[in-house]
Amino acid sequence: MKSAVETLNPTRVRLTVEVPFEELKDSLDAAYKKINQQVTVKGFRKGKVPARVIDQRFGRGAVLEEAVNDALPKFYTDAVNEAELSPLGQPEVDITELKDGETLNFTAEVDIRPAIEIPDYSGIEVEVDAVEVTDEDVEKSVEQLRERFASTTPVERAAEDGDVVTIDLEAKVDGEVLEDGVADGVSYTIGSGELLDGIDDAVKGLEAGGEATFTSELKGGSAAGKEAEVTVKVTQVAKRELPELDDDFAQLASEFDTLEELKADSRKRLENMKQYDQATQAQERVLDKLLELVEVPVPEKLLEDEINTRKHNLEHHQLGQMGLDLAKYLEIQGKTEEEFENETREAAVKGIKTQFVLDELVKQEKLNVNQEELTEHLMRRAASSGMSPDQFAQAVVEQGQVPLLVGEVARGKALAVVVEKATVKDTNGETVDLEDDEDEAAEAETSEAAADEKAEEKTEG
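Residues numbered from 1 in each chain as written. Predicted model: local features only at pLDDT ≥ 70, side-chain atom pairs only at ≥ 80, totals over all residues. Heavy atoms only, no water.

1. Thoughts on helix H9 (residues 326-333)
This is how it is decided: Burial here depends on accessible area, computed with a 1.4 Å probe over protein chains only, as a share of the maximum for the residue type. Under 20% is buried, over 50% is exposed, and the range in between is partly exposed. Every helix listed is a DSSP run of H or I at least four residues long, and every strand listed is a run of E at least two residues long, numbered separately from the N terminus. Contacts are assigned to residue pairs with any non-hydrogen atoms lying within 4.5 Å of each other.
Here H9 has its buried residues at Leu326, Lys328, Tyr329 and Leu330. Looking at the buried side of H9, the elements it contacts are strand E9 (211-217), helix H8 (300-322) and helix H10 (337-364). Of the residues flanking the end of H9, it is Gly334, one or two places downstream, whose phi is positive at about 70 degrees.

In structure tokens form, the structure reads like this:
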């Protein structure tokens with residue numbers, strides 16, 4: 001087999017391949033064997049029909065077609081490996097010549113990873129937000145914790161702002177009650193904005209047993225986006241009572257004995273979270289600077305596929321779960337379709353360039369991924385997906401996505417190498433040390449989880 005490569009543009013090549021006919025022998029034998037198992041010829045046992053009879057009865061062309069279809073993937077792969085190409089997607093193959101007993105010639109056009117040269121990136125400088133936690137931030141955090149431990153006491157009076165009402169709901173569209181438009185025993189805090197527009201005004205002033213009707217646009221369900229006539233009946237009014245901010249509250253809501261200790265912990269937790277956000281901001285800005293340094297051509301077909309994938313995931317997964325379509329989403333976002341298209345395209349271009357550049361850095365820096373790093377990444381991905389690590393790992397293996405996860409970890413390590421060599425300063429002009437930010441964030445999350453657990457225990461109690 002002989003092959004040659006013609007560069008059509010920085011991201012696409014045409015392979016021209018010439019295959020001597022004798023190299024098709026194994027595929028021809030396999031073709032005859034396959035056809036033998038599929039046909040019946042009088043006078044011959046199944047699977048024992050001679051090749052010459054198959055040629056006479058079914059045509060040599062059918063055999064050649066079967067053989068070529070079987071052989072092409074191998075010859076194409078051999079040509080790709082010989083040229084040391086990194087193809088993207090499936091090739092467009094064209095058989096240019098097929099002479100029985102002589103030769104098979106074909107061309108294959110395919111997108112490839114562009115050759116990328118990574119320049120010296122040690123001079124990258126970025127500025128990030130300073131980590132500043134004010135007394136007001138701490139007070140707000142403690143107040144939010146206090147809200148979690150609020151208790152409710154039924155009262156015999158009209159509902160007011162901040163009260164927790166138990167309500168029954170019935171929604172009608174065009175005079176018909178929706179199948180999924182009835183809900184009983186719903187707990188709602190007046191003023192929280194967590195249900196329908198207009199419900200606050202409807203229930204305020206009602207006592208237990210009171211009823212009101214209002215019109216609102218449904219946010220989800222079978223009639224999402226439609227105007228509905230909603231009837232709300234209040235079955236109970238309860239007053240929310242917040243615990244006193246004192247040492248007893250600190251002991252109730254945390255492992256600390258005093259309110260001052262609780263506030264000190266809240267400050268530390270907020271600092272840790274802001275340091276983690278600062279590190280994330282540094283990574284994003286260093287990456288942007290790196291991409292500015294590198295010329296990265298993007299294959300048009302790959303770009304179009306990426307854009308379509310992003311649109312599909314948004315429309316059929318994210319928006320679908322929210323009961324929205326694209327038009328409603330754009331309306332809420334205050335964007336035109338053209339703005340959405342441009343933003344999606346820009347994000348897709350950046351995503352492709354990022355992968356190309358970081359993959360090249362992985363090779364350049366000879367970075368590897370060990371089992372511990374892969375496991376840690378898998379645990380984080382599982383947590384973000386709402387699945388258990390075992391469920392997520394099983395899904396990854398079944399879908400053949402282990403190499404994708406390995407690639408994600410490797411690219412993360414590549415970016416970390418660049419960030420480590422960059423100069424990062426905050427808005428106060430101070431040099432930022434980005435080490436241990438993930439540990440600090442984990443510590444903050446642990447404190448948050450402990451508070452949630454205590455709040456749940458109180459609620460269950």
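Back to the text.
2. Overview of the environment of Val19
Summarising the element assignment, Val19 is placed in strand E2 (residues 12-20). Note on Val19: relative accessible area 0%, which makes it buried. Separated by 368 residues in sequence, Val19 and Met387 place their C-alpha atoms 50 Å apart.

3. Things to note about a negative patch on the surface
What counts here: Two joining distances apply to patches: 9 Å for like charges and 5 Å for nonpolar side chains (Val, Leu, Ile, Met, Phe, Trp, Tyr), and every residue must have over 30% relative accessible area and no salt bridge. In short, Shrake-Rupley with a 1.4 Å probe defines the accessible areas, and a residue's cover is counted only from the protein chains shown. We define a salt bridge as a contact between a side-chain nitrogen of Lys or Arg and a carboxyl oxygen of Asp or Glu at a distance within 4 Å. Working convention for charge: Lys and Arg count positive, Asp and Glu count negative, and His plus the chain ends are omitted. Think of each charge as sitting on NZ of Lys, CZ of Arg, CG of Asp or CD of Glu.
Judged by side-chain charge, Asp247, Asp248, Asp257, Glu260 and Glu261 come together as a negatively charged surface patch. Elements that contribute at least two residues to the negative patch include exactly helix H6 (247-253) and helix H7 (259-293). Note that Asp247 resides in helix H6. Note on Asp247: relative accessible area 36%, which makes it partly exposed.

4. Brief notes about the packing of H7 against helix H13 (residues 402-421)
Convention followed: In this analysis, axes come from line fits to C-alpha atoms, helices being fitted only over the stretch in contact, and the angle between any two N-to-C directions falls in the range 0 to 180 degrees. By the definition adopted for this analysis, an angle is roughly parallel if under 35 degrees, roughly antiparallel if over 145, roughly perpendicular if from 65 to 115, and oblique otherwise. Amino acids are sorted into nonpolar (Ala, Val, Leu, Ile, Met, Phe, Trp, Tyr, Cys and Pro), charged (Asp, Glu, Lys and Arg) and polar (every other residue, Gly among them).
At a closest axis distance of 10 Å, the pairing of H7 and H13 adopts a crossing angle of 90 degrees. Taken together, the axes of H7 and H13 are roughly perpendicular relative to one another. Of the residues in H13, those touching H7 at Gln283, Val286, Leu287 and Leu290 are Leu415, Val418 and Val419. The residue inventory of the contact of H7 with H13, partitioned by class, reads 6 nonpolar, 1 polar and no charged.

5. Side note on the nonpolar core
Test applied: Definition used in this section: a nonpolar core is a set of buried Ala, Val, Leu, Ile, Met, Phe, Trp, Tyr and Cys residues joined via side-chain atoms within 4.5 Å.
Among the nonpolar cores identified, the biggest contains 34 residues, and Tyr121, Ile124, Leu290 and Leu361 are the most heavily contacted of them. Of all the secondary structure elements, the ones that give two or more residues to this core are strand E5 (125-128), H7, H8, H10 and H13. In terms of residue count, H10 provides more of this core than any other element does, 7 residues in total. For Leu290, the residues in contact, after removing those within four places along its chain, are Tyr121, Ile124, Val357, Leu358, Leu361 and Val418. In terms of nonpolar packing, the next biggest core, distinct from the first, is built from 31 residues, Leu28, Ala31, Ala67 and Val68 among them.

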